[in-house]
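Structural overview for review
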Amino acid sequence: MQSATVANPLREGLPQERTPAPCAMVIFGASGDLTRRKLMPALYNLALEGLLPPGFSVVGYARRDLEHGTFRDQMREGVNQFSRRRPVDPDMWEVFEQGISYVQGTFEDPGDYERLGQELRRLDRERGTQGNRIYYLATPPDQYETIVDNLGRAGLNKPGEAGGWTRLIVEKPFGRDLQSAMVLNDRVLRIFEEEQVFRIDHYLGKETVQNILAFRFANGIFEPIWNRNYIDNVQITVAESIGIEGRGAYYDQSGALRDMVQNHMLQLLSVIAMEPPIAFEADAVRDEKVKALRAIRQVDPARVDEITVRGQYSAGWVGGQPVPGYREEPNVDPNSMTETFVALKLFIDNWRWAGVPFYLRTGKRMPRRVTEIAIQFKRVPHPLFRGAAAESLEPNVLAIRIQPDEGISLKIAAKVPGPQIRLRSVNMGFLYGTSFLVESPDAYERLLLDCMLGDSTLFTRRDETEAAWRPITAILEGWAEAPPPLFPNYEAGTWGPPEADEFLARDGREWRRP
Ligand SMILES: NC(=O)C1=CN([C@@H]2O[C@H](COP(=O)(O)OP(=O)(O)OC[C@H]3O[C@@H](n4cnc5c(N)ncnc54)[C@H](OP(=O)(O)O)[C@@H]3O)[C@@H](O)[C@H]2O)C=CC1
Ligand SMILES: O=C1O[C@H](COP(=O)(O)O)[C@@H](O)[C@H](O)[C@H]1O
């Protein structure tokens, strides 16, 4: 079973065209939001595509007392609500749910892991999972170390009687700062080998993010201009119209910098900034990403206000609906100083990027949901078309739209038809929706399948996680020393605080309005 060759649209063009070996996936925190909203729908869609191995089994593990049947029904409800293909197909579900079971246990009690071990051995015997296991930590992050230690204590980190492999998927956030991320890495790597550890960042599973690699390294025409000689600045925007969606307790301890920038946004930055890898293989790709992250200029905590702007939303309107301010959200401190918006400027000190600012911004409760990377090119060195409205032209911008309306556009100057020379900026574009008539899989589908296949290209390695924490930790230190500006300071439904615009204006630039 290990390497039967099947056509797999999710892996087209990639090496290792194969189906995964039979395995069991244990989801710690299976009664939580992530399992219902993302993991189970992703597994169900893989089942629909025929991409799961025979005998594939899911063991839900959580504290509350649930019968197998009740757990299966809850999972079915989650799939019905959140799957990209819904409603659930009853025939497919009947087969799929036979592989779903539930173990009630706490993360702390070693005895509960013995019962988990028994369940896994039952699956080896009855469903042929061959001792292959994936443990998914979909739990509050402060539980990761306890679970990993207990897996080690119960010997579940190693192949059992049936042999097989063992892998560990760790959700974000991976640590709260550089120090805690290093401690967590040490703890995890006492029990598992680095090759067994899959640190997930779901942005890397998005089709459009993977397409950045294809765009840069499967086309010859962009690489020669992908550097400081032609590029003026890079802007990465991750705007969300949603608020904190009932996750107040988590978010108020986290904030936008930890929640979005340290992981998703620095991953976007690294795929834009990396050098071409020598092969499309896990370590070759990650070596280049980590080099780019390491080259981020170290931030001086004492001067952090020169490179960052923070904001917090107050009540306002989004999508025609009134929404409460951040401090009025459930489980948020009414005097909270947590940022729900952050803008920052980073430099990558290497030959390719010296002097090119990377502007990043992300916020909750912005006018709409849009994730975009805009590469702004330098203006022409000598303006030929004076008086032809050329002065008001925008510079060339290559905009990579991650979501929604996925695609790529290039803003260029063109002559307006007519007897005079008048110029205007126009867009050339490629849209996924019109170029490909297939629906893109959800990021978690791709990543879960890759983990089953043992392919860690789209997961972050230890050194990568720590390299991403380094500048972020310096910013957090600087913020801790300098009291934040008056909060709240942007109205829900706007593009962030006015200071964010002034921040770019000081550099003679402005944010692109996506
Ligand atoms: N939700 C989301 O959209 C996203 C979540 N994540 C990450 O995924 C992880 C999980 O998030 P989410 O699903 O929202 O969390 P939830 O709070 O919804 O779920 C937590 C789960 O952990 C279980 N649990 C907590 N403590 C114990 C314990 N001591 N013993 C046994 N079980 C316990 C709970 O079981 P019970 O309820 O039975 O007590 C529940 O199943 C987090 O790291 C989060 O940062 C990442 C991206 C998005
Ligand atoms: O990890 C997280 O990501 C989501 C945004 O993900 P997207 O795929 O919808 O762009 C964000 O809302 C959440 O706060 C954060 O924890």
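All figures in this text were calculated on a predicted structure; none of them were measured in a lab.

**Side note on the overall build of the protein**
- The number of helices and strands found in the protein is 13 helices and 18 strands.
- Its C-alpha radius of gyration of 24 Å places the protein within 12% of the 24 Å reference for a compact globule of 514 residues.
- Seen through its C-alpha atoms, the protein measures out along the principal axes to roughly 80 × 55 × 45 Å.
- Put simply, the protein has 514 residues, and 44% of those count as buried.

**Concerning the UniProt feature "domain: Glucose-6-phosphate dehydrogenase C-terminal" (unreviewed entry) in the protein**
- As recorded in UniProt, the sites labelled "domain: Glucose-6-phosphate dehydrogenase C-terminal" (unreviewed entry) are residues 213–512.
- Along residues 213–512, the helical share is 29% and the strand share 23%, with 23 Å between the first and last C-alpha atoms.

**Description of the pairing of strand S5 (residues 166–170)**
- Of all 5 residues that make up S5, 4 are buried, and the element is covered over most of its length.
- Bridging between strand S4 (residues 133–137) and S5 involves 5 bridges; their strand directions are parallel. By the bridge assignment for S5, Tyr135 is matched with Leu168.
- After leaving S4, the chain enters helix H5 (residues 144–153) and then returns to the sheet as S5, a path that is right-handed.

**Focus on the site of ligand 1**
- Taken together, 21 residues lie near ligand 1, and Gly29, Gly32, Leu34, Arg63 and Arg64 sit nearest.
- By residue class, the composition of the shell around ligand 1 is 8 nonpolar, 6 polar and 7 charged.

**Overview of the confidence of the model for the protein**
- Of the residues in the protein, 96% reach a pLDDT of 70 or more, and the chain-wide mean stands at 93.
- The ipTM assigned to the predicted complex is 0.98, against a pTM of 0.94.

**Focus: the nonpolar core**
- Counting 130 residues, the largest nonpolar core has Val26, Ile27, Phe28 and Tyr136 as the members making the most contacts within it.
- Top element by residues in this core is helix H8 (residues 248–273). It accounts for 11 residues.
- Each of domain 1 (24–171) and domain 2 (207–441 + 461–506) accounts for three or more of the residues forming this core.
- In this structure Val26 touches Val59, Tyr61, Leu116, Arg133, Tyr135 and Tyr136, once residues within four positions along its chain are discounted.

**Section: helix H12 (residues 462–481)**
- End to end, H12 covers 28 Å across 20 residues, agreeing with the expected 28 Å (1.5 Å per residue, within 8%).
- Of all bends in H12, the biggest is about 30°, found at Arg470, and the proline Pro471 comes one to four residues later.

**Thoughts on the domain arrangement of the protein**
- Per the domain assignment, the segments making up the protein are domain 1 (24–171) and domain 2 (207–441 + 461–506).
- Distance from the C-alpha centre of domain 1 to the C-alpha centre of domain 2: 35 Å.

**What about the sheet that holds strand S16 (residues 407–415)?**
- With respect to topology, 8 strands assemble into an open sheet ordered S8-S12-S13-S7-S14-S15-S16-S17, the strand pairing being mixed. The strands lining the two open edges of the sheet, one partner per strand, are strand S8 (308–311) and strand S17 (423–431). Neighbour-to-neighbour, the strand axes of the sheet open up by a mean angle of 15°, direction not taken into account.
- Taken together, the 5 bridges between strand S15 (residues 397–403) and S16 define a ladder with antiparallel strand orientation. When the bridges of S16 are listed, Ile400 appears paired with Ile408.

**Considering the packing of H5 against helix H6 (residues 178–191)**
- In contact at an axis separation of 9 Å, H5 and H6 are set at 15° when each is read in the N-to-C sense. When the axes of H5 and H6 are compared, the pair comes out roughly parallel. Relative to H6, the crossing made by H5 is left-handed. Touching Tyr144, Glu145, Val148, Asp149, Leu151 and Gly152 of H5 are Leu184, Arg187, Val188 and Ile191, all from H6.
- Residue classes in the contact of H5 with H6 are distributed as 6 nonpolar, 1 polar and 3 charged.

**Some points on the pairing of strand S13 (residues 357–363)**
- Buried residues dominate S13, accounting for 6 of its 7 residues.
- Two elements, strand S7 (residues 231–239) and S13, share 6 bridges in a ladder whose sense is parallel. Within S13, the residue paired with Ile236 across the bridge is Leu360.
- Of the pairings in the sheet, the one linking strand S12 (residues 341–347) to S13 comprises 7 bridges and is antiparallel in character. For Leu344, the partnering residue across the bridge sits in S13 and is Leu360.

**Observations concerning the sheet that holds S4**
- Across the sheet, 6 strands lie side by side as S3-S2-S1-S4-S5-S6; this open sheet has parallel pairing. Where the open sheet ends on each side, the last strands, each with one partner, are strand S3 (100–104) and strand S6 (197–199). Averaged over neighbouring strand pairs, the angle between their axes works out to 20° when direction is ignored.

What counts, and at which threshold
- Residues numbered from 1 in each chain as written.
- Chains lettered and ligands numbered in written order.
- Predicted model: local features only at pLDDT ≥ 70, side-chain atom pairs only at ≥ 80, totals over all residues.
- Helix = DSSP H or I, 4+ residues; strand = E, 2+ residues; numbered from the N terminus.
- Rg over C-alpha atoms; globule rule 2.2 N^0.38 Å.
- Buried ≥ 20, exposed ≤ 12 C-beta atoms within 10 Å, placed from the backbone.
- UniProt positions renumbered as here; feature names shortened; annotations may be inferred.
- Pairing = 2+ DSSP bridges.
- Right-handed = clockwise from strand over helix to strand, strands pointing away.
- Near = placed C-beta within 6 Å.
- Nonpolar A, V, L, I, M, F, W, Y, C, P; charged D, E, K, R; others polar.
- pLDDT = per-residue confidence, 0-100.
- Core = buried A, V, L, I, M, F, W, Y, C linked by C-beta atoms within 7 Å.
- Domains from an automatic or database assignment.
- Contact = placed C-beta atoms within 7 Å.
- Expected span 1.5 Å × (residues − 1).
- Bend = angle between axes of the 7 residues up to and from the residue.
- Axes fitted to C-alpha atoms, helices over the stretch in contact; angles between N-to-C directions.
- Parallel < 35°, antiparallel > 145°, perpendicular 65-115°, else oblique.
- Left-handed = near helix turned anticlockwise from the far one by under 90°.

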